Each structure stands twice: as C-alpha cells, then as structure tokens.
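# Observations on the model geometry
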Amino acid sequence: MSISKLTSPDDLLRLKEQLVKERDNGRTILSVCGGTGCLACGCKGVVSALKAALKESRLEEEVELKITGCPGFCERGPLVVVYPEGIFYQKVKPADAKLIVDQTIKGGHVVNKLIYKDPLTKQGIIHEKDIPFYRKQMRLLLGMNNFLDPTSIHDFIVLGGYRSMAKALSAMTAEAIVEEIKKSGLRGRGGGGFLTGKKWASCRKSKGDPKYVICNADEGDPGAFMDRALLEGNPHLVIEGMVIGAYAIGCEEGFVYVRNEYPLAVKNLMIAIDQARDYGLLGKNILGTGFDFDLQVSRGGGAFVCGESTALMASLEGKIGEPRAKYIHTVDAGLWEKPSTLNNVETWANVPLIIDKGANWYSQIGTAGSKGTKIFALTGKVNNTGLVEVPMGITLREILYDIGGGVPGKKAFKAVQTGGPSGGTLIVETSEPDIHESLVAHGDVREDEEALNLLDLPVDFDELTKAGSMMGSGGMIVMDQDSCMVDVARYFINFLQEESCGKCIPCREGLRTMLQILNRICEGKGEMKDIDTLEEMSQVMIDTSLCQLGGSAPNPVLSTLRYFRQEYLAHIVDKRCPAGTCKELVSHTIDETCTGCHVCLEPCPTDAITGKLKELHVIDQSKCIQCGACYQVCRFDSIQRVKRGAGEAVQVKAKALWKPPQKKTAQQTAAVA
Amino acid sequence: MPKINIVIDGHSLQAEEGTYILQAAKEVGIEIPTLCYYPHMVPYAACRICAVEARNERGWTKVVTACNYPVWEGLHVHTNTPRVLNARRMNLELLLSQSKPVPVLQKLADDLGITEPRWGYGTDTCIKCGLCVRICDEVVGAHALAFGNRGVDREITTPFHLESEDCILCGACARYCPTGHIKMTDIEGRILHSELLLGPNAAITIPFRQAVPNVPRIHTNQCIHMKTGGCMLCAKVCPKECIHFDDQDEFEEFDVGAVIVATGFQDFDPTPMLQFGYGKYPNVISAIEFEQMNSAGSPTGGKIVMENGKEPRSIAILHCIGSRDQNYHKYCSRVCCMYALKFAHLVTEKTSAEIYQLYIDMRSFGKGYEEFYQRILDEGVHVIRGKGAEVVPTKHKRADEGDLLVRCEDTLISKFREIPVDMVILCTALEARKDASDIARKLNISMGADGWFIEAHPKLAPVSTTTDGVFLAGVCQGAKDIPDTVAQAGAAAAQAMKLMSKGEIMMDAAYAVIREEFCSGCKICNDLCPYTAISYDELKKISTVNSALCKACGTCVAACPSGAIVARHFTDEQIYAQIEGILA
Ligand SMILES: Cc1cc2nc3c(=O)[nH]c(=O)nc-3n(C[C@H](O)[C@H](O)[C@H](O)COP(=O)(O)OP(=O)(O)OC[C@H]3O[C@@H](n4cnc5c(N)ncnc54)[C@H](O)[C@@H]3O)c2cc1C
Ligand SMILES: Cc1cc2nc3c(=O)[nH]c(=O)nc-3n(C[C@H](O)[C@H](O)[C@H](O)COP(=O)(O)O)c2cc1C
Ligand code: SF4
Ligand code: SF4
Ligand code: SF4
Ligand code: SF4
Ligand code: FES
Ligand code: FES
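Residues numbered from 1 in each chain as written. Chains lettered and ligands numbered in written order. Predicted model: local features only at pLDDT ≥ 70, side-chain atom pairs only at ≥ 80, totals over all residues. Heavy atoms only, no water.

### Observations regarding the overall build of chain B
Looking only at helices and strands, chain B has 15 helices and 25 strands in total. Principal-axis analysis of the C-alpha atoms places the extent of chain B at approximately 115 × 85 × 45 Å. Looking at chain B residue by residue over its 584 residues, the buried ones come to 43%. The contacts in chain B between residues at least 6 apart in sequence include a share of 55% that link residues at least 24 apart. A total of about 32400 Å² of accessible surface is found on chain B, and carbon and sulfur atoms cover 54% of it. Across chain B, the mean location of the 58 positive side-chain charges is 4 Å away from that of the 71 negative side-chain charges. (Helix = DSSP H or I, 4+ residues; strand = E, 2+ residues; numbered from the N terminus. Buried < 20%, exposed > 50% of the residue type's maximum accessible area, 1.4 Å probe, protein only. Contact = heavy atoms within 4.5 Å. Areas by Shrake-Rupley, 256 points an atom, 1.4 Å probe, with all protein chains shown as cover. Lys, Arg positive; Asp, Glu negative; His and termini not counted. Charge placed at Lys NZ, Arg CZ, Asp CG, Glu CD.)

Written out as structure tokens, the structure is:
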C-alpha cells in the first residue's frame, strides 16, 4: 500500500478498517521478543532460525513472524509466543526453532521443554495469560508490546493507535483535554508524582511563547528500564501522548531526550517519528485539523543528573547538564527560558489511554491519591524478575509473592528498596527481634504493637513516602537476609556521590563525607557520634541541596537508620556485621556440617581452603580475604560468616564434632538435587 | 512596579516584584553571608551559604537560598534560626574539609563561630563558586572557562584543558575569584583595578584630571564590550544610566542668533629651524611639551626630567622661536617672555637646575609682570640678552656639563657665548590655526596677512566683525595672554547677549528678494554675494536670500540673468521714478 498522507480523522479510521480487514485471516503469529534483554540472550539467532524453519516448511506466507518490544519478563528470554492460542515459550534457543514450527505450528502440539514452570508449584504453564507473573499484573501499557512490531505504524493503528489523538484534535478543546487529564488524577511517573493535569494547566496559562513539550527518557536509575521498554516497544504511543499534550498546552515543538545508551530505543523512535510524519500524524496540519506539531530527538550523555528537569533542559540547550536553581518553575521558564512541560515516558504513554477511555474509567484504577497503573522494575532476591505493571494500591505482598514468586532458596525476606538510588529501603517484616527493638526505639512502632507488617502496604505515591521511601521512577529491589543494610546504604550513597554534578556544597561534599563515614562504619571503625552526624548532615542536605538529587540523597541512610538502626549499632558497638557481608567485620569459617565435597576449593581465589575429599575442610584464616565466594557455592550451608576473630573457635569446635558423612540425609539429598 | 509586602526578621518592608531576598534584606540592613553571589550576574546558588528560612502565615516553612529566591506577598523570612545557622555551619565545615582556610572562608567561619571544623581543612583553594566561569561567560562574553568533571572531581578549567584561544586576557576572572585561586601574575601590566572605573589600565577612565568635561571615557580598543559584546559592567554600576556604548560622533545643527569665534591658535612647529635640533636631540623640547610634562597628570607625574628619566642639571630657555623673525612670523607672540619667566620659576621650585634665559627684548608689560621679572632675577636665573643662535651637541664633554651646547651672542657684553646645558626649551610662536581661513570663509569674516581675524574697528569695535552677529575673542584675533583673552571674551559675550536679550534684530528695510517664479536656479548669484546671504534651496530648486544677512548691495540684482532678483526699495520702477523726480 502506498503511503498517502491522512488528511482527516476519517482517513485514519478508514485505514484502520482496511488494515483490520486485510489481516483478519486467522493467520498464526509467532511473536518473538526483540527487546534489549532478549537481544542480549540471543533472540536474533532465534529469529533467523525460525525464519529458516518456516521457509523450509513453506509456511512463510501463512505464518507471520513478528519481532516485538519487551513485554517485561526478560529473565526468561528469549521469549516466543504463538498466537492466536497464546502459547508461551521461554528461554528459546535457535535449535528450538524447528521444534516450534514442526510441533506447534504444523502439529498443533505444545513443546513441553520450552514451557514455563512455576518455581513455587513446579507446575508447567502453557498459556501466556496463566503465567502468575503476568496474571496479577494490569498491563495497560506493556500489554500492547506483544502485539506490536515497533517499526510498523500499521500494527499500532490496528490496535487503535492515534485514535485518541484524532479524537482530541478534532472533537475536544484544549481546555477540555487539560480538564480530562486533571480529572483522571494522572501523576508524573518520573519520580516526583506531580499532578500532570495541573502541570499542563500552568504551562497552558503561562504567557511565554513559544512553548515546548519534552519527554524525559533519560532513565538514569540503575536497574530501571520501563521507559526503555516503552520507547523500544511502542514508540508511537509516546508520540501520540505528546501530540495530545502539545495540543492541550498550545505548542508546536517537542523534544524527546533519550540517553545514548538506548540505541534501539533511539532507532525505533526515529523510525516511528518518520512514519508518523509520512502519514500526516506529525508535522504541519495534523490530520487536516490545522494543528502543527513536530518532534525532535535529542541524545543525552547519560549522566544520572541529566534526568533532573532543569539539568535536562540545560543539556537540551547544549549547555553543561547541570541543574539550575528553580524557584521559577519550568512551566514558566524552562527550555530557553520558555514555558516547557516535561513529562516522563510512562506519563506520556498514559495520556492516549485516558483520552480514549475517559478520565472516569482511568480514575477507577488505583487509590484515592494515585491513579492508574505503574510499571516497576522488580529485581534482586525474587524468583521472577522483570518489568511488572500493576494497579496503584496493590500490596507489596502481591508484588513480591504473587508476581515475584517469593525469595529463592531458603533465605528469609528482609527488605525491599524502592525509588531508585535515592529511594528508601523498607523493612518488610518485623519478626526479627533486633528490628522490632530498633523500630520501638525509634518510635516507629509502639512496644505493645506486635509487628509492623509493611508487606501489606498498598503501593502508591503517598504510602511509600509515608513509609520513608518513594515511588521514584519505579525501581524495586528485593533483599534477603544476606544483605547488610549499612552496606546497602553505602552502595547507594556511593552511586549518588559519583553522579552528583558537584555544583552545590551540601550534595558534593555532603555525599563525599557521608560515604567516608559509612565506609568507616562498615570497616568497624565507626563511632556512636557518627549516627548523629549522619542524621544531622541528612537534614542539612535535604534543606539546602540545589536539586532533588542532593535533596533526596540521604533517603537510603535515613530509611535504613529508621528500620535497621540495630544493624548500625551492631557495626559500631559490637564491630559485627549481622548479615555477614562487611569484609572487615567477618571471618569465614567452616562448621561441622561440612561434607568435604570440595566444591568450595575451586572458587577460592587465595587457596585458603584445604581438606581431603569427604573430610572436614578448613579455612586458613591468614589467607582468607573474606570474598565470600565459598559461601555462595556451598550447598550445605556449612560456611559460616561469624564475627571477625571468632573463626578459629568455630573451627576448633567443628574438628571436635565432625563425623564423616555416612549416608546422606534426606535433606541433603534434596539440597543437592 | 507593584510593591510586595514582606517581613524579614521582624522588619516589615516593601520590596519590588522580582527582587531576591538578599537584596530586600540588605535594604533593611540585614546582611546574609554569600560565597557565590555577585550583583551583576545571574544568581548561581551553588554555595548554599545564604540559606534562610521562608515561611508563610499558615505555618509552611522551607529553607531557601536568599540570593535567588524571589519575594512574594506575605513572605516571612528568618535569617538566623538554629536550622539555617546549623545548615550554614555544616556546609561551611564540609567545604573547609576540602579547602585551605583562605581569608573569605576564615572570616565566614569566625562569623559562624566555627573554631575547629569537624573534618579539618583541605588543600584546595578553589571553592567552586563559579564566579570566574560566570564572569567570563556572562559579563566578559569570552566563554574561555568552564567547570570540568562531575561531583567531587569538579574543577575549574579551560575547555578541553587547553590554553584557551577565547581568553582575551581581561583578567576579570582573577579579579573576581574570591580565593585567589586564579592568578594572572604572568601577564604584565594587565591588572584590573578594584574601583572598576579609574586606573590607567581600565578600559573606562577619566582621561586626565582636569579633563573637560570631567567624566570617564571608554577606550574602545581596551573595552571588553567592544571586543566580545559582553561585560557592560560600567553600565550596570552607573546609577544614572550615563553609559552608551553605541554613542558616535554626531553632527548637530543649531539655529543661533550670534556666533563668538574663539578658535585660538596653534603652536609653531620648530622642526624646520634645523639650527635648534628640535626632533633631533631628545632633550630639546617645545614650550608646550614642557607645560605638558610639568602638569601633575603627565606620565612623569609633573616631574621635570630628561629623556633618560634623570633630572636636568641645567636648562636653557630660548625666546622668540618663530616670532619676531623675518623668515617666519614678524609679529611678537606677546606671551612667551612671561611664560618663559614662569618656567624658570617652576623649574627652580622643582629642581636645582641652572637656568639660562636667552631673549631679544624682555617684554614684561602687564600689570605686575615687571615685578615678576625682578623676582626671577632675584631667584638667580641667568638672563642673557641675545637670541639663541644654535643648539649643537657638546664636543669635548666634561662630566659636570650638559650634553647640549647653546650658542648665542650676549649683546650686553658683545660676546659670543657657548653654554652647555642638559635641556633646551624652545619658546615657540603662537600662530594662526591651519584651518583659520576655512572659518573666515564660513563666517564671512576677514583675516589679516598673519592669519589672525580682523576686528571691525581696533578701537571702536574690537570684538565685532564685518558680519553682524559674529564676534571675536582670544588669540584668534591676535596673540595675547589669558587675562586679555578673558577680558575680550567677556566683551564678546556681552555683545552676543545684547542681541539675545532683545530676541530680535532691527533690519534694514532694503534687502534683496528673489521672485520664485522667475528664478531658473542657475546659482550664479550664490557665489557672488559678498555677505554669503544667498543659498540654494534643494527642494524648490531655486535660490533664496537670507534677509538678515543681506546688506542690499545689489550685486546679485545686477547679476541675475533672469532678472529674478529685486532689491526692496530699489526696484527698477522706484529708481526710474527717482530719476524722473530728479529730472522733473
Ligand atoms: C607654552 C605656552 C604657555 C603659556 N602660558 C601662559 C601663561 O602662563 N599665562 C597666560 O596668561 N597665558 C599663557 N599662554 C597663552 C595662553 O595659552 C593663551 O592666551 C590662551 O590659551 C588663549 O585662549 P584662547 O581661548 O584664545 O585659545 P586656545 O586656548 O587656543 O583655545 C581655542 C580652542 O578652540 C578650539 N577650536 C579651534 N577651532 C575650532 C573650531 N573650528 N570649532 C570648535 N572649536 C575650535 C581649540 O581646540 C581650542 O580648544 C601660554 C601659551 C603657550 C603656548
Ligand atoms: C537526580 C534526578 C534524576 C532524575 N531522573 C529522571 C529520569 O531519568 N527520568 C524521568 O522521567 N525523570 C527523572 N527525574 C524527575 C524529573 O526531574 C521530572 O520531575 C520528571 O521528568 C517530570 O515528569 P513527570 O511529571 O512525568 O514525572 C529525575 C529527577 C532528579 C532529581
Ligand atoms: S544537589 Fe547535587 S546534583 Fe543537584 S545541583 Fe547540587 S551538586 Fe548538583
Ligand atoms: S571467603 Fe573467599 S577467600 Fe575466604 S575462604 Fe571463602 S572463597 Fe576463600
Ligand atoms: S582573563 Fe577574561 S577572558 Fe580570560 S578567562 Fe579570565 S575572564 Fe575569561
Ligand atoms: S577559581 Fe575562584 S572564582 Fe573560580 S570557581 Fe574557583 S574559587 Fe570560584
Ligand atoms: S527484552 Fe525480551 S522480555 Fe524484556
Ligand atoms: S550566595 Fe546564595 S547560594 Fe551562594
């Protein structure tokens, strides 16, 4: 079909109907994820293998091979889904291509070895919709990714793409759109959670001219990749949202600021913009409505601070990406001192949904203060990691257990960190007496209150903030008993001090000093007054930092101090690391449960472990560098991380108690299996 | 500008919309410490030392930076709460942990009561205030400096760490760096002066102390603004908005009723009189050069020195150079004798040099002048009657003698004399300005053979000219000294005021009129009029007569080929009628 510009909303409708008719042929679709995660796992090979297999079977015409964006379950990639049945294959290798074509497409059977097995129930699950990871999600945005080739504007139009834009531009006034967004209760997904409708209204009211809309796709939080998944997988949705926003605010020029580390996102976005221009969905006189709007893509250098609104605008202007003091809001004086509306990728992507289905529909999803869905990047010690899109107000328990599938192994759940590097670490269960004591001491829990169970905390902007963390851009890191909370705080403070732009003193020097103090505590050189200093310094940083990087940087310290004060005290007073990860404070040692399996010998970088096969192994304390490699590999939990210096004693005791393994216990057999 | 009501530390005040807390506080005498603020740059708000607490009536409170927080109606500011003092202290201590206790930081630490910073002192001298970068960017416009690296590694550098070609060596960065981190010691003679306006190297100076008008002037080749389009600091500090960078010389036209010509004289150039070695020997100078050197604003600061910077041991002052000279000016310049004596007096006051005056006649004719002459004689000046004939280098020089040999005939003792001196001053003639004839032509006044303008009558009309309303004052009319000039100028002014006070002039009823309908625009009459009363009207393409200037001489009437000009009261008809009357 030749491209001719769509010059009216009806043209768009006609094109859609025509496309739907053309495609309504019951064809089998093989949908292969081509997102960055699956690319890394070799999905390109899978695609070519599938192509070859289809060709061999002369099925190229009957079966459509679609390379899509990321649906979120990257951990199981490369993913292949067979539609219309929705058969879900995971960890597919090129060699499996022929199997899929022969058995599933030609034979109508499921390839058992490729289906997903629930780690909890050990049950195999055939259909995509039944997978627990997806089942509890509400995939308003990500759900489209499976059905879209991001480089095909037709795919998007078939799914109803640009329908909202046509409606907005032809049947709604700008004011009505702003009202609708206000009514929907949509809040910015970039971290601050500012009401999007309110932001648009202020920018619309602002006197300056011209005005700009900007999409923040800098996504600097380590571990977060929802913006990437959206831009890579469904760039037209973001474009559509931006056109609607631009029309509502009254501007003709927009920018997408993408980090340079997202080459696929940039590529797909550029393709999408060109297509939209060719179809008259961007540029002059969009859909014949007389509205002009065009988009430019700008690539950011990838500094974390460039995601901050004023730094981003400075960077767009070609200056150093450094925040500027903004007592005058960017909606009044932003890019080139002109009124500018900056929204996150996910925020923009929500806009077409709201316009299409209405604010009433949208505002029914979520909680009183937070509406709609939010995409989280679930990582850390959970069985299922990946992108999860859930309705606001879902509990942590549902995310962690129902979707995440719980903590792997026999380890105990300890905490969850949300909000990216400057978010907070939340204790989830207070069953541990240490933690309970700490919370009581800090006034977070009354003594008679049994336990604080944040597992049932509804996840939304306000609740997270109240609990001492934040929504941020949606990072969610799960930690088990092996995570030392002082070390966690230190990790994030280190990240932030490396990313601080260095302009203002509290952030630049405050983070540097905080890191020094935390390093000291982790090395067992902490003093009691360090805790006071950390708290005092945090307050000054919150009060006086120029931008929110510095302003929220103390969060990791404050939240761990709030929920895990006891752990700080253990480091400072007892010179002990309860989680056993602070090298200077632990000794690795082997107890009497050692089976003499030799597994720990190989990973030890200093050859500190000795022992004959099937005899008690011993760690030479003078050689051990506390790297923990042995701890990671031992399947019998025989390696103990004890207080520094207590290693010898454990060893002596082990020598006395150790018996050669006669017969494997049932438990050990299971563990080995 | 609408006024905004705010309260700072209990003082209620009104501030203009758009002012920042810092300025508003200053107005009520409350000083808030700053490290990165400078009035003429966009607030950078990096040091956070100016933290204050902002509140509203409903109890909302926030710590903000005073240097860039704009005031709003009902704002309450507290500059000294424990919260802000704590923040200032902590931030300064954090800064000190990296910095040497340079004076600005030490003073701030003293003010905040920090005796021993918790984390000690560091070794850096740059406090990352960004003043240098911003002055170079925003004020100078050279963009030669930048911050490099992120976070704790932030440093001040040139782009790509290379010697910057954009730097115009103005020194502004070094001048505004509060810590002395940036120095420009290696760049000679390019230090900016702290008072911004007046230093020999500043681009805007008052050229010399007695300059008229006594106002600063921009040296376009040194001005940063002329180089980069930036800076304009002088304009920003000038409270009266007097600085205009795009000012150019302009031609203006005035309608006036009287003109006083006081164009003075020029100095006679003695170079052609080779015998005096002017221009050849550096220590032979003209009188005006001596005056310049003697002035307090001169490069020598008013000291009398030779070219090598040493004080002369002996000076000869040669009168009548170019005056009373058959080859140059026959007239006497009238002022040289007296100023030569004045020079002698000045030199004796400032140095211990021997002075020789070589004169033809000593003309000390004015009131008190003869007495001054006597005084000079008493001061031990050697006064020799005889014109200096020649200045040559000393041949067989003795250590205690000058380099120059002045030869003359001492007519009182009828002896030829050779006087060795270190310096020779030539009392050059006053002569008419080169452009005097232009003035004479333009104003239609007469000029004598020696170039001085001629008055209407030496006794009865000494300041008037042959053109009504044009008067003479000062040397342009003939050599004279200042008292005479002033007296004559007073007279000329009185004459002009006589005209002005009336506001109108009586004109002769007889003057020429050009009848527009007959004038062909040939312009023959324009140049003929001895009183320059006729001009050509480019619009109408005809000639017109200025009736105020016309003396009704009738030259033009007779010359006009078209017969377009008539003299009022002397029309052909009137003359015929008169002839008829006589004949009748
Ligand atoms: C070396 C020296 C030392 C002297 N010392 C003394 C002394 O001690 N005491 C004393 O009484 N007298 C002294 N005189 C004499 C004194 O300088 C003059 O009497 C005096 O300067 C005359 O003033 P004036 O206004 O007529 O002319 P000037 O001082 O020459 O002033 C004329 C002004 O008119 C300006 N001008 C010229 N043409 C034009 C034009 N077309 N349009 C506008 N402006 C124009 C010139 O730039 C100048 O500023 C000395 C003279 C000399 C040379
Ligand atoms: C240090 C810092 C980094 C940020 N990084 C991002 C980012 O990567 N992506 C993003 O959308 N917003 C980021 N933000 C938030 C933006 O400043 C801004 O609030 C947001 O883009 C506004 O869009 P929203 O209202 O749609 O959330 C960051 C903020 C700070 C302080
Ligand atoms: S808070 Fe940190 S990142 Fe933000 S301006 Fe200050 S130094 Fe830069
Ligand atoms: S902790 Fe590391 S160095 Fe120590 S015994 Fe284990 S593997 Fe070896
Ligand atoms: S001397 Fe002037 S031009 Fe050069 S870096 Fe400094 S401020 Fe900029
Ligand atoms: S060099 Fe001086 S002016 Fe420049 S940032 Fe450092 S302290 Fe400030
Ligand atoms: S990239 Fe394939 S599932 Fe995320
Ligand atoms: S003076 Fe206000 S932040 Fe530096």
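### Notes on the site of ligand 3
Neighbouring residues of ligand 3: 13 residues in total, closest C501, C504, C507, C547 and G550 of chain A. Taken together, the residues of the shell around ligand 3 sort by class into eight nonpolar, four polar and one charged. (Near = heavy atom within 4 Å. Nonpolar A, V, L, I, M, F, W, Y, C, P; charged D, E, K, R; others polar.)

### Quick look at the side chain of D11 of chain A
Looking at where D11 of chain A falls in the secondary structure, it is placed in helix α1 (residues 9-23). Other than its neighbours up to four places away in sequence, D11 of chain A contacts K5 and L6 of chain A.

### Quick word on the pattern of salt bridges
What the rule picks out here adds up to 62 salt bridges over all chains. Taking the shortest distance from any N to any O, the salt bridge between D130 of chain A and K129 of chain A comes out at 3.9 Å. Judged by its relative accessible area of 60%, K129 of chain A falls in the exposed class. Put simply, E322 of chain A and R154 of chain B hold a salt bridge, and the shortest N to O gap is 2.9 Å. You can see E322 of chain A sitting in the loop between α13 (309-316) and β11 (340-344) and its partner R154 of chain B sitting in the loop between β6 (146-148) and β7 (155-157), one on each of two chains. Here the salt bridges share partners, and the residues they tie into one network are R23, R27, E64, K66 and D155 of chain A. (Salt bridge = Lys/Arg side-chain N within 4 Å of Asp/Glu carboxyl O.)

### Re the sheet that holds strand β5 (residues 76-78) of chain B
Residues and elements named next belong to chain B. Read from one edge to the other, the open sheet built from five strands follows the order β2-β1-β5-β3-β4, with strand pairing classed as mixed. Strands at the two margins of the open sheet, each flanked by one partner only, are β2 (11-16) and β4 (61-65). Put simply, the sheet's adjacent strands are angled 35° from each other on average, direction ignored. Bridge count for strand β3 (residues 51-55) against β5 is three bridges, and the pairing is antiparallel. Across the sheet, the residue bridging to E53 is H78, located in β5. Of the strands in this sheet, β3, β4 and β5 touch helix α2 (residues 82-96), which is tilted by about 155° from β3. (Pairing = 2+ DSSP bridges. Axes fitted to C-alpha atoms, helices over the stretch in contact; angles between N-to-C directions.)

### A look at the site of ligand 6
Close to ligand 6 lie 14 residues; C126, C129, G130, C132 and C177 of chain B are nearest. Of the residues in the shell around ligand 6, the class split is ten nonpolar, three polar and one charged.

### Digging into the pairing of strand β23 (residues 534-537) of chain B
Residue and element names in this part refer to chain B. The sheet contact formed by β23 and strand β24 (residues 542-545) spans four bridges and is antiparallel. Residue pairing across strands places D537 opposite I542, the latter belonging to β24. The turn linking β23 back onto β24 is made up of four residues, and K541 within it adopts a positive phi angle of 60°.

### Notes on the interface of chain B and chain A
Counting from both sides, the interface comprises 30 residues of chain B and, opposite them, 29 residues of chain A. Note on chain B versus chain A: buried area summed over both sides is about 2700 Å², and carbon and sulfur give 57% of it. If you sort the residues of chain B by the area they bury against chain A, R48, R150 and V152 of chain B come out on top, with a joint share of 23%. Counting across the chain B and chain A interface gives 17 residue pairs in polar contact (both at pLDDT 80 or more). Secondary-structure elements contributing two or more residues to the side of chain B that touches chain A are β4 and α2 of chain B. Ranked by residue count, the leading element in the side of chain B that touches chain A is α2 of chain B, at seven residues. (Buried area = accessible area lost by both parts, 1.4 Å probe. Polar contact = N/O pair within 3.5 Å; in protein donor to acceptor, adjacent residues only side chain to side chain.)

Worth remembering: the numbers are spatial, not functional.
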